[in-house]
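Report on the structure
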Amino acid sequence: MSAAPLHDSPAWQRLQTHRQTWEGMTLRQLFQEDPQRASHFSVEACGIYLDYSKHLLRRESLNLLLDLARSRDLESRRDAMFAGEKINHSEGRAAFHAALRAPKGTVMRTDGVDVVPEVHRVLDHMAEFTEAIHSETWRGATGKPIRQIVNIGIGGSYLGPEMAWKALRAYRHPQMQLYFVANVDGATLSDVTAHLDPAETLFIISSKTFTTLETMTNAHAARQWLVDALGEEAVARHFVAVSTNTEAVKAFGMDTEHMFGFWDWVGGRYSMDSAIGLSTMLGVGVQHFQVMLAGFHAMDLHFQNAPLEKNLPVLLGLLSIWYNNFWGAQTQAILPYAYDLARFPAYLQQLQMESNGKSVNEAGQWLSVDTGPIIWGEPGTDGQHSFYQLIHQGTRLIPCDFIGFCHPLSDSAEQHELLMANLIAQAEALAFGKTADELRSEGVAEAQIPFRTFAGNRPSSVLLMDALSPHSLGTLVALYEHSVFTQGIIWGIDSFDQWGVELGKVLAQRIVSDLQGKTRHHHDGSTATLLERYLRRRGH
Ligand code: F6P
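We now turn to the structure provided with this report. (Residues numbered from 1 in each chain as written. Predicted model: local features only at pLDDT ≥ 70, side-chain atom pairs only at ≥ 80, totals over all residues. Heavy atoms only, no water.)

**Digging into a nonpolar patch on the surface**
- On the surface, L503, V506 and L507 cluster together into a nonpolar patch covering about 280 Å² of accessible area.
- Classification of L507 as partly exposed rests on a relative accessible area of 39%. (Patch = residues over 30% accessible without salt bridge, like charges linked within 9 Å, V, L, I, M, F, W, Y side chains within 5 Å. Areas by Shrake-Rupley, 256 points an atom, 1.4 Å probe, with all protein chains shown as cover. Salt bridge = Lys/Arg side-chain N within 4 Å of Asp/Glu carboxyl O. Buried < 20%, exposed > 50% of the residue type's maximum accessible area, 1.4 Å probe, protein only.)

Structure below.
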């Protein structure tokens with residue numbers, strides 16, 4: 001890898017020069033010049049068809065982006081990740097989530113230890129427990145079967161399981177109902193417990209560290225709720241833990257026999273396929289969970305083996321770099337045309353923004369280029385009636401990922417046609433727009449033309465899959481995981497730490513102690529005034 005700052009590197013400079021050749025170029029022109037553009041700029045793998053022809057991209061642009069990736073040693077860095085090397089330098093850890101979905105018998109070593117047998121031991125433990133709940137051999141303290149599962153966890157210990165529970169609605173176990181409590185706002189837990197019968201409820205306390213304030217607070221409150229209803233001796237039948245921290249689980253008063261472990265080489269936001277997925281397994285069953293893992297694994301193999309120019313995560317990652325760093329795009333919209341993927345944008349927010357929201361490179365030097373874009377989105381067609389206006393006619397360039405499925409999950413084929421027609425139409429409208437001449441030929445009054453013109457050239461990817469299923473969900477999540485990795489390698493950052501969340505946590509602890517009257521820390525004028533006002537309004 002070159003030692004020069006990224007923006008001075010020849011590959012970066014060539015892209016900057018190339019970017020200048022884009023002035024005045026339109027997607028209409030590009031499609032006219034190359035009638036086969038759709039097939040030249042599309043690729044299919046692992047059941048995902050990616051159409052990236054509606055991007056502001058020519059063959060030369062792509063080649064230059066691929067050169068950039070090679071100049072950053074993407075392939076050897078990828079291989080290092082899959083080899084279990086400690087690529088998370090600032091925490092001295094591997095980023096070995098690929099081992100979570102490795103089939104039995106695969107050898108994947110980190111620190112000289114093959115972790116696959118241990119991964120499968122935990123998966124087997126999860127499966128055994130899931131079967132016991134489903135077959136009602138594991139019952140609550142009063143003898144009633146468990147029907148409701150409450151996952152208490154936040155961030156990576158919440159967003160993946162919640163997203164998967166919603167995404168796999170069609171695969172849910174008929175007797176199981178899942179709930180999620182993440183926010184430290186007591187309203188969350190009381191809203192959830194209001195619907196529950198304690199005798200039928202199992203709490204999963206999911207926390208990699210088992211120290212997270214929100215999770216521990218909610219766990220204590222849930223425990224109290226259960227004890228109030230069923231007594232102290234009921235706890236063991238109604239609480240299990242998912243964590244890497246055995247000591248903290250013990251200290252909480254939980255039986256480690258019913259603890260499901262994982263390892264420090266699994267980042268929180270890369271953990272939905274670890275024991276953090278216990279609620280998912282309980283919700284959809286062992287077999288569907290295993291199929292989801294197979295989907296993840298299929299994408300891992302593709303990322304490892306496909307040539308860069310046909311490699312889905314690499315292409316998605318390079319497209320993000322292209323707009324973020326060479327077109328000044330600050331955000332990227334994730335637009336699933338599937339009700340069941342409603343929480344996918346929120347899931348990707350953590351995956352991408354916690355991974356790549358960094359300002360220094362791996363050597364600790366301040367970066368000279370922008371890093372992770374702001375990720376946001378909502379399912380289509382809801383978004384069309386709120387924020388799409390800005391994507392179509394606003395002043396900002398917002399690359400979009402449209403995600404759609406050929407087969408509906410609902411019974412209504414007719415409604416699915418409408419849904420997909422909207423997806424395809426939006427990508428078309430964004431790319432090609434509507435010219436003033438077209439409007440005139442339709443008889444639109446001259447005074448209205450500026451308002452009704454669509455400039456077009458608004459780039460999007462379309463990811464088309466057959467159906468939303470455990471397998472396709474696994475491939476989709478792994479696709480974005482590796483796209484995030486690709487971007488991180490280009491920028492030379494550590495995508496696997498998250499020091500940026502620490503300061504707020506520490507300050508909140510100081511402030512809690514001030515609010516409780518235990519301390520009087522010195523604060524800036526604004527913070528002190530807010531604290532004073534809050535305490536006054538609370539009658540202190
Ligand atoms: O605060 C950020 C974070 O550390 C995330 O990275 C993580 O997913 C989340 O908190 C929850 O952490 P834990 O699983 O340790 O409770």
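**Focus: the pairing of strand β7 (residues 201-206)**
- Of all the six residues making up β7, six are buried; the element is thus mostly covered by neighbouring parts of the structure.
- Alternating positions in β7 separate into two faces, T201, F203 and I205 on one and L202, I204 and S206 on the other, with burial throughout.
- Relative to β7, strand β5 (residues 148-152) runs parallel, the two being bridged by five bridges. Residue pairing in the sheet places V150 in a bridge with F203 of β7.
- Direction of pairing for β7 relative to strand β8 (residues 239-243): parallel, over a ladder of four bridges. (Helix = DSSP H or I, 4+ residues; strand = E, 2+ residues; numbered from the N terminus. Pairing = 2+ DSSP bridges.)

**Comments concerning helix α6 (residues 116-134)**
- With 19 residues, α6 should cover 27 Å at 1.5 Å per step; its first-to-last C-alpha distance of 26 Å lies within 8% of that length.
- Residues of α6 that are buried: V116, V119, H120, V122, L123, M126, A127, F129, T130, A132, I133 and H134.
- Looking one or two places after α6, you find E136, whose phi comes out positive at around 70°. (Expected span 1.5 Å × (residues − 1).)

**Brief notes about the nonpolar core**
- Counting 126 residues, the largest nonpolar core has L202, W265, L341, F344, L473 and Y480 as the members making the most contacts within it.
- Top contributing element to this core by residue count: helix α20 (residues 470-491), with eleven residues.
- Residue contacts for L341: discarding those within four places in its chain leaves A167, P336, I403, F405, L468, L473 and L476. (Core = buried A, V, L, I, M, F, W, Y, C linked by side-chain atoms within 4.5 Å. Contact = heavy atoms within 4.5 Å.)

**Some points on the pattern of salt bridges**
- The final tally for this structure, using the stated rule, is 28 salt bridges.
- Where R101 meets D300, a salt bridge forms, and the shortest distance between an N and an O atom there is 2.8 Å. Of this pair, R101 sits in the loop between α5 (74-82) and β3 (109-110) while D300 is found in helix α13 (residues 286-305), placing the two residues 199 residues apart along the sequence. Judged on exposure class, the residue R101 and its partner D300 are both buried.
- Among the ionic contacts, a cluster of salt bridges with common partners joins R101, D273, D300 and E481.

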